[in-house]
Every structure is written in C-alpha cells, then in structure tokens.
Amino acid sequence: MRVLDTLTGRHLPLPLSDGPGGKELKLYVCGVTPYDSGHLGHAFTFCVFDVLVRWVESKGIPVRYVQNVTDVDDPLFARARRDGSSWQDLAKREEAAFVQDMTVLGWRAPDVMPRVSDEIQGIRAAAEGLSERGFAYSAADGSLYFEAARYPGFGQLSRRSRRSMLRKLREEELLGRVGPGAKRDWLDFPLWRPSGAGEPSWPSRFGPGRPGWHIECSAMSMRYLGEQVDIHGGGRDLIFSHHESERAQSESLTGCVPFARAWLHTGMVRHDGRKMSKSLGNLVVVKDTLRVASPAAVRLYLLSHRYRRDWDFRWPALARFERLVQRIRGMRGSGRSGSSLAEFRAALDADLDAPRAIRALRRAVASGDRRGVEDMLGILAGTAALKPAAG
C-alpha cells in the first residue's frame, strides 16, 4: 500500500512502526472542537480515516488510532457565552452528538479520544520543555510564545511563503499582536496564554492561563503514540497553521525528525459554492442526510470522492447512492466476480482510491457477487446500516 505524503508530495509505502507483536500503524487524526452540530465536512474526513484503519487492519496489521477532542478552544468558549451555558456542558453535549453521528455512520471508534481538558498536565509540560530548550519566550502579556524563526523548516509542510502565511493567519484571526509586551514576530504562536473572563484557567510557571491550540495536539500525540507517529491526518484546512506549527514545536521539543512519517489531508466539502463550515452557516449536518438516505448510502456517497480533493455536496448524487444500497439489499444468489475484488484491493492500496473501489463494488453488485459485496462493504461502509434509520 502507498499513501500520498503532504510534506514531500510523493507517494510513500505505508509507514509502519515496530510494535510489541510486529509491525503496527500509529495514527493520529485531529478531531473536532465540540461546539456545534457535526457536518458532512467532518464526516468525510473521519469516514476516510475509518476506511484507512479498516483496510490496514484487514491486512492483519494492528492500528493504534488516536483522535483528540479539542474542548479548550476559542470557538467553544464564544458559543458557550452566546448561549449562556457552561463550556463544559456544551462540550460534553456536542461531543456525545458527534460520537452518535459517527457511530450511525459505522466508524471503528478510535482507540483513544483524549480531551484537552483532561490532558493539561502533559500539555503544560510540553510548553515548559520548549521554554527550557530555548524555543519559546515569555511576554509581558502573560503568554508563552514559540519562536518560529528557531525552526528552519517553518512553512515547508504548507509550501507557503512568509507573506502567504501571514495572510492566512490574518484570515483565521490568529495574527495576534507584535510589539512591547506581546510577541516578537507575526509568525510566533502561543503555547500558553492568559484566560479570558469565563474561560478555564490552570496554574503554570508562566502564570495562570490555558494552552494554545497547537501544543495541545503535540502533547496528546506524544503521550499516546510516542515521539513519532506513522501517519498524522486531518482536513486540508489544518495544514496551516495548525499542522505546520505542530510539526515545528514537536520536532523542536524532542529532536525526533520527522514528527510524522507521513501527513494525509482530506479535501474540503463545499455547499452553495463555498466551503462547508460553521462560521459560514452553510452546513449540511449528518442528521439531515439520514432523513433521506441510509447510513451506508451516506458513507458511500462521501467516499465516492477522492479523499484529498475538494468537492461539492449535491442531494441528487446522494439519492443515487441510496438507490445503489437498495439494489444491494435486494441481492439474491451467490455469483462470483473475483476480478472485482482484486480491483477493489488494488484501488485501496493505491492511496485509498475509494471512488475506484466503489466502481468495483458496483460491478460486484451487477454480477451478483454477494460475498464480494459483503467484503467490500465491510471496509467502505463499516457497520453503517443498509436500511434507513427509523423515523
């Protein structure tokens, strides 16, 4: 099996680590900030990585899969203030809703889903380590900043120039402030920061506050997978600034290079001509799709798009996959089409080419290869039901 590495732009053999019982895959995927309903952009990413996990495990290779929950972050606090609720209650409620959606969509749950709020000790220790090694500095505003200039490869993962990185930070409202009492350079980013009113706060040698966004994932990844992961994944929108910063601080902290042996990123899902996002208000949430299609149909529709490309959600296209699932439900007999299964396997070995794998599934359905269809659905649909949800 080969995968496309974002950093090098090359297809690499599936990276594997030496585990207690032989080769294993250590996978870290950036999870959700639980402050609103999960949408198809999220579902697309996590279904893609679910197929990766299932396919690798079907080869007899154990997978250690970690996916975090970012329950300490600005959007969550803003939503809690808007709704007049506690950030803890909001996070717990939305995390439970996300897990329920993904369970209906048939995922193989991650082995560990650490919450930032439970991992403060390790996150704080990582920030302290970067400070002790001279990669970070304290500012009078009470923040601890990572000094991006100390990491020569900053910008390589995203292939962005300094000017492009600054533009993206401005778009994300993460540019911050440079000057007396603040950070030294626009690209520097907070490892620790003072908490605002109504936000959680923890003690540290830098003063009371909370972690910066990027250091959270580095610390959680290292705790559960060690200093190096085989694959680090997430949506393409995370390449900069999140994954760029995560790579820089992780390798600076440990000296272990590379932090991730391969980076995999999924494309963005668009609706009404724009990227589907909570901030734009153009979401199609998972529950909306399940009112008109079975969970298996939703998954197959998501996976009918090449994982690393952007694509547009369309209701008629989802309906076509519901008709495919209806055909599968009505299959009789036990015809054989070994060529379809061979093509299916070759497709997933070629950087998870799920659209090609679905074409093999269609051929197996047409030929009446019930056993082959079941095998393919076990990977593509997971445990997602072929029948629409009741109600």
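Report follows, based on the coordinates. Treat the numbers as computed from the prediction; the structure is a model and nothing was measured.

### Comments concerning the overall build of the protein chain
Next, step 1: When you go through the protein chain residue by residue, the secondary structure sums to 13 helices and 14 strands.
Next, step 2: Expected size for 391 residues packed as a compact globule is a radius of gyration near 21 Å; at 22 Å, the protein chain falls within 12% of this value.
Next, step 3: If you line up the protein chain on its principal axes, its C-alpha atoms span 75 × 45 × 40 Å.
Next, step 4: For the protein chain, buried positions account for 57% of its 391 residues.

### Overview of the layout of surface pockets
Vacant regions in the atomic arrangement are exposed by a probe of water-molecule size rolled over the atoms.
Next, step 1: A volume near 340 Å³ is recorded for the second largest pocket.
Next, step 2: Residue lining of the second largest pocket: 20 residues in total, with Thr6, Arg236, Asp237, Ile239 and His265 positioned closest to the centre.
Next, step 3: Those elements that place two or more of their residues in the lining of the second largest pocket are α7 (239-254) and β11 (260-266).
Next, step 4: Here the lining of the second largest pocket gets 3 residues from one element, more than from any other, and that element is β11.
Next, step 5: Looking at the lining of the second largest pocket residue by residue, the class counts come to 7 nonpolar, 5 polar and 8 charged.

### Some points on a positive patch on the surface
Next, step 1: Residues Arg320, Arg323, Arg327 and Arg362 make up a contiguous surface patch of positive charge.
Next, step 2: Here the positive patch takes 3 residues from helix α10 (residues 315-329), the largest share from any one element.

### Focus on the sheet that holds strand β12 (residues 269-271)
Next, step 1: The strand order β13-β12-β14 describes an open sheet built from 3 strands, whose pairing is mixed. Either end of the sheet is taken by a strand with one partner, and the two such strands are β13 (274-275) and β14 (311-312).
Next, step 2: Where β12 meets β14, 2 bridges bridge the pair, whose relative direction is parallel. Across the sheet, Val269 pairs through a bridge with Trp311, a residue of β14.

### Digging into the pairing of strand β10 (residues 229-235)
Next, step 1: Across the 7 residues of β10, 7 count as buried, placing the element largely inside the fold.
Next, step 2: Pairing geometry for strand β4 (residues 22-29) and β10, over 3 bridges, is parallel. Residue pairing in the sheet places Tyr28 in a bridge with His232 of β10.
Next, step 3: As paired strands, β10 and β11 are joined by 6 bridges and run parallel to one another. The residue bridging Val229 from the neighbouring strand is Ala260, located in β11.

### Here we look at the packing of aromatic side chains
Next, step 1: For the structure on display, the rule yields 15 aromatic pairs.
Next, step 2: When the centroid spacing of 5.9 Å and the interplanar angle of 85° are considered together, the rings of Phe77 and Trp87 count as edge-to-face. You can see Phe77 sitting in helix α2 (residues 74-83) and its partner Trp87 sitting in helix α3 (residues 87-104), a full 10 residues away along the chain.
Next, step 3: Given a relative accessible area of 11%, Trp87 falls into the buried group.

### Here we look at helix α9 (residues 295-303)
Next, step 1: Counting buried positions along α9 gives 9 out of 9 residues, so the element sits mostly inside the fold.
Next, step 2: Taken together, the buried positions of α9 are Pro295, Ala296, Ala297, Val298, Arg299, Leu300, Tyr301, Leu302 and Leu303.

### Focus: the sheet that holds strand β8 (residues 189-193)
Think of a sheet as strands paired side by side through backbone hydrogen bonds, with each pair either parallel or antiparallel.
Next, step 1: Strand order in the open sheet formed by 4 strands is β6-β7-β8-β9, with antiparallel pairing between adjacent strands. With partners counted over all chains shown, the strands left at the sheet margins are β6 (136-138) and β9 (210-211), one partner each.
Next, step 2: With 3 bridges connecting them, strand β7 (residues 144-146) and β8 associate as antiparallel partners. Note on β8: the bridge partner recorded for Leu144 is Trp192.
Next, step 3: Sitting on the sheet, helix α4 (residues 120-132) is in contact with β6, β7, β8 and β9, with an inclination near 125° to β8.

### So, the nonpolar core
Next, step 1: If you look at the biggest cluster of nonpolar residues, it comprises 73 residues, and the most contacted ones within it are Leu27, Leu300, Phe313, Phe344 and Leu361.
Next, step 2: A total of 12 residues in this core trace back to one element, the largest contributor, which is helix α1 (residues 40-58).
Next, step 3: Beyond its immediate stretch of four places on either side in the chain, Leu361 contacts Leu300, Leu324, Val373, Met376, Leu377 and Leu380.
Next, step 4: Residues Val72, Leu191, Leu238 and Ile239 belong to the second largest nonpolar core, which totals 51 residues.

### Description of the side chain of His305
Next, step 1: The residue His305 is located in the loop between α9 and β14 in this model.
Next, step 2: Classification of His305 by relative accessible area gives buried; the value is 18%.
Next, step 3: Within the local environment of His305, its side chain forms a polar contact with the backbone oxygen of Tyr301, the two atoms lying 3.1 Å apart.
Next, step 4: Apart from residues lying up to four places away in sequence, His305 is in contact with Phe44, Trp311 and Pro355.

### Some words on α4
Next, step 1: When the terminal C-alpha atoms of α4 are compared, their 18 Å separation across 13 residues agrees well with the 18 Å that a helix rising 1.5 Å per residue should span.
Next, step 2: Residues Ile120, Ile123, Arg124, Ala126, Ala127, Glu128, Gly129 and Leu130 constitute the buried set of α4.
Next, step 3: Of the surrounding secondary structure, the elements contacted by the buried residues of α4 are β6, β7, β8, β9, α6 (213-225) and α7.
Next, step 4: Phi turns positive, to about 85°, at Gly134, one or two residues after α4.

Cut-off values and rules
Residues numbered from 1 in each chain as written. Predicted model: local features only at pLDDT ≥ 70, side-chain atom pairs only at ≥ 80, totals over all residues. Heavy atoms only, no water. Helix = DSSP H or I, 4+ residues; strand = E, 2+ residues; numbered from the N terminus. Rg over C-alpha atoms; globule rule 2.2 N^0.38 Å. Buried < 20%, exposed > 50% of the residue type's maximum accessible area, 1.4 Å probe, protein only. 1 Å grid on protein atoms, 1.4 Å probe; cavity = no way out; pocket = protein on both sides within 12 Å on 5 of 7 lines; lining within 4 Å. Points joined across faces, edges and corners; volume = space filled by probe spheres on them. Nonpolar A, V, L, I, M, F, W, Y, C, P; charged D, E, K, R; others polar. Patch = residues over 30% accessible without salt bridge, like charges linked within 9 Å, V, L, I, M, F, W, Y side chains within 5 Å. Areas by Shrake-Rupley, 256 points an atom, 1.4 Å probe, with all protein chains shown as cover. Salt bridge = Lys/Arg side-chain N within 4 Å of Asp/Glu carboxyl O. Lys, Arg positive; Asp, Glu negative; His and termini not counted. Charge placed at Lys NZ, Arg CZ, Asp CG, Glu CD. Pairing = 2+ DSSP bridges. Phe/Tyr/Trp six-rings, centres within 6.5 Å; stacked < 30°, edge-to-face > 60°. Contact = heavy atoms within 4.5 Å. Axes fitted to C-alpha atoms, helices over the stretch in contact; angles between N-to-C directions. Core = buried A, V, L, I, M, F, W, Y, C linked by side-chain atoms within 4.5 Å. Polar contact = N/O pair within 3.5 Å; in protein donor to acceptor, adjacent residues only side chain to side chain. Expected span 1.5 Å × (residues − 1).

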